[in-house]
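Secondary and tertiary structure notes
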Amino acid sequence: MLLDSGQIKYEEVKAMRFFNTIGPCNPVDHYMLPPEDRLIGAQLHRYIRDKLYWVLHAPRQTGKTTFLQSWMAEINSGDEAIACYVSIETTQGLLDRERGIPAICAAIRQFASTYKMPIPNTNTDDPAMMLQNILANWSELIKPRPLVVLFDEVDVLQDDTLISFLRQLRSGFANRGIGEFPVSIALVGMRDLKDYITAAKGGVAPNLTSLCEVRSPFNIKEDSAIIGNFSRDNVASLFAQRTKETGQKIADDALDYVWEQSRGQPWIVNSLFSRATMRVLQEDDYQTVTIEHIKQARKQLILARETHLDSLSRRMNDPRVRYVMNTLMTGEPDTDLTKSDGFMLCEDLGLVTKEKGTPQVANPIYREVLAREMTYSTQDAIPQPEFRWQKPDGSLDMDALLKEFQKFWRRHSEIWEQKSGYTEVFPHLLLQAFLQRVLNGGGRLEREYAAGRGRMDIAVEYKEKIYIIEIKLIHNYDTPDMVREEGSEQIERYRDKIDKNAPCYLLIFDRRDASKKAPWDERLSWNIEDGITVVGC
């Protein structure tokens, strides 16, 4: 068995398992890797021994809850302490402490009961003291062992509830010890330590040079831990568990594609594997998983708008997130980007990363989903195409399609741009929406964009043929010749990486003030230069 005195052991199991995408993983039912192996910056042996309060932060569905429940079981299998996992997700939306703190105390009692531990009580109705009181009572009930509490979903707490929560933990910290107060508390969520301190101070940023804050129970920044993504080897090891149990193999290029598309994001990896083995292929079909199976799984994943991806898409309603995405999609350098609240929020959400110092969307799947979200309403407003965009043999007539786009741009861009919430990136969004509307699921778009690149690249795949599109903008500080020359060099490099024989289309949108006042016949152009079709808009 996998359960031994409450401790989870990662051993071979006989039951058929599957790749999990919903809720915490357990090794009885799911293929999984020990999440503690991906902890970065944690010193688990110290937190109980040295009576430390600490923070674990990582994006959603990266393994935080799985780790906490696993570590709780490990602690409780020994004699060092008693640990209890407590999710406070049910307090979401309870902004005032009069409702929020009693809800947290109710969650403590609920999870104590769930894990068959002594159920604590509080002898006060004052929400300003209730949490501290119940934790002290719980510690009394647990002695002679010290108590460890693992608070999950802390990021749902807001306003007075969060401030009171942290202040009561701070107040009890000085008396922590066996029978007195939890010796160690973990605060677990998506946000980093500084955000909790700022909230507890009523929105004032922490002053870590202040002696009182240096002595704060939350001043453990050097040990604030995160859970990293899978490595390429982790991805291979995860599928190897299925190979061992079922004999089903996966091609090396398929594994490479999973890694490339996910960058190791655990939920995406599991979702691609799950769809490939249980939807693209039948559940009892153990033929080798190929790159085509994974590509079909990717398409299903994006179109399904599953909860994980949909929740990230809804973040686009936040102006801070829109600012970040605007900057990344246009590729324009922005010295304020990485120090902005929006970028730090996007990092905490797992939406963005910095690769070799370049800010970019965290992985190609997110890049596609976020771009689609930004174009979703625009795509719906574009009429079903009545023009010819296929050649007689059924292949894509990209020339005809882009000439129709020029007409569409001429007729609608000025009015639609005024309604758009993405003025700077509007050309990119309208072109993508137009392509998606015309292809209507019959083709596939691969997009590349990142801050400082000065362009957006799109690879359009239709009936096994690739077409390369690059979007460039001419600003008031640019010249058309400079942008065209730069774009030609860039699109050739991108084409050589994707498909050296792919036709190339360089779309240049002139955003200069004077150009916008020129007649449309002067603004639209179509030229072929050194094998590259240059389309002026």
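Up top you'll find the structure we're talking about.
Please read all numbers here as calculations on a predicted model, not as lab measurements.

This part takes up the overall build of the protein. The secondary structure content of the protein amounts to 20 helices and 16 strands. Counting only C-alpha atoms, the protein reaches 85 × 55 × 35 Å along its principal axes. The buried share among the 537 residues of the protein stands at 54%. Taking as baseline every contact in the protein between residues at least 6 positions apart, the subset at least 24 positions apart corresponds to 70%. Charge centroids of the protein, computed over 68 positive and 78 negative side chains, lie 1 Å from each other.

The element strand 5 (residues 82-87) is largely enclosed, with a buried count of six among its six residues. Residues of strand 5 alternate between two faces, with Ile82, Cys84 and Val86 on one and Ala83, Tyr85 and Ser87 on the opposite face, all of them buried. Sheet topology places strand 5 next to strand 6 (residues 147-152); six bridges connect them, and they run parallel. The residue bridging Cys84 from the neighbouring strand is Val149, located in strand 6.

Moving on, we get to helix 16 (residues 398-419). Along helix 16, the helix axis deviates most sharply at His412, where the bend reaches about 60°. Of the residues making up helix 16, those classed as buried are Met398, Ala400, Leu401, Leu402, Glu404, Phe405, Gln406, Phe408, Trp409, Ser413 and Glu417.

Another aspect to go through is the packing of aromatic side chains. Enumeration according to the criterion identifies 20 aromatic pairs in this entry. Ring geometry for Phe387 against Phe434: centres 6.1 Å apart, planes inclined by 0°, an arrangement best described as stacked. Of this pair, Phe387 sits in the loop between helix 15 (364-381) and helix 16 while Phe434 sits in helix 17 (residues 426-439); the two residues are 47 residues apart in sequence, bridging distant segments of the chain. On the basis of relative accessibility, which here comes to 2%, the residue Phe434 falls in the buried class. Put simply, the rings of Phe387, Phe405, Phe408, Trp409, Trp416, Phe426, Phe434 and Phe509 touch in pairs and so form one group of aromatic residues. Seen from the ring of Phe173, Arg176 lies directly overhead, with NZ or CZ sitting 3.8 Å from the centre. Above the plane of the ring of Tyr257 lies Lys295, whose end atom (NZ or CZ) is 5.7 Å from the centre.

With that settled, the discussion passes to the nonpolar core. Among the nonpolar cores identified, the biggest contains 88 residues, and Phe273 and Val460 are the most heavily contacted of them. Looking at this core element by element, the count peaks at nine residues for helix 17. The contacts of Val460, once residues within four sequence positions are left out, are Leu396, Met398, Leu435, Leu439, Arg444, Leu445, Lys465, Ile466, Tyr467 and Ile469. Listed in part, the 56 residues of the second largest apolar core include Val86, Ile88, Ile108 and Ile185.

Reading the values: rules and limits
Residues numbered from 1 in each chain as written. Predicted model: local features only at pLDDT ≥ 70, side-chain atom pairs only at ≥ 80, totals over all residues. Heavy atoms only, no water. Helix = DSSP H or I, 4+ residues; strand = E, 2+ residues; numbered from the N terminus. Buried < 20%, exposed > 50% of the residue type's maximum accessible area, 1.4 Å probe, protein only. Contact = heavy atoms within 4.5 Å. Lys, Arg positive; Asp, Glu negative; His and termini not counted. Charge placed at Lys NZ, Arg CZ, Asp CG, Glu CD. Pairing = 2+ DSSP bridges. Bend = angle between axes of the 7 residues up to and from the residue. Phe/Tyr/Trp six-rings, centres within 6.5 Å; stacked < 30°, edge-to-face > 60°. Lys NZ or Arg CZ within 6 Å of the ring centre and 35° of its normal. Core = buried A, V, L, I, M, F, W, Y, C linked by side-chain atoms within 4.5 Å.

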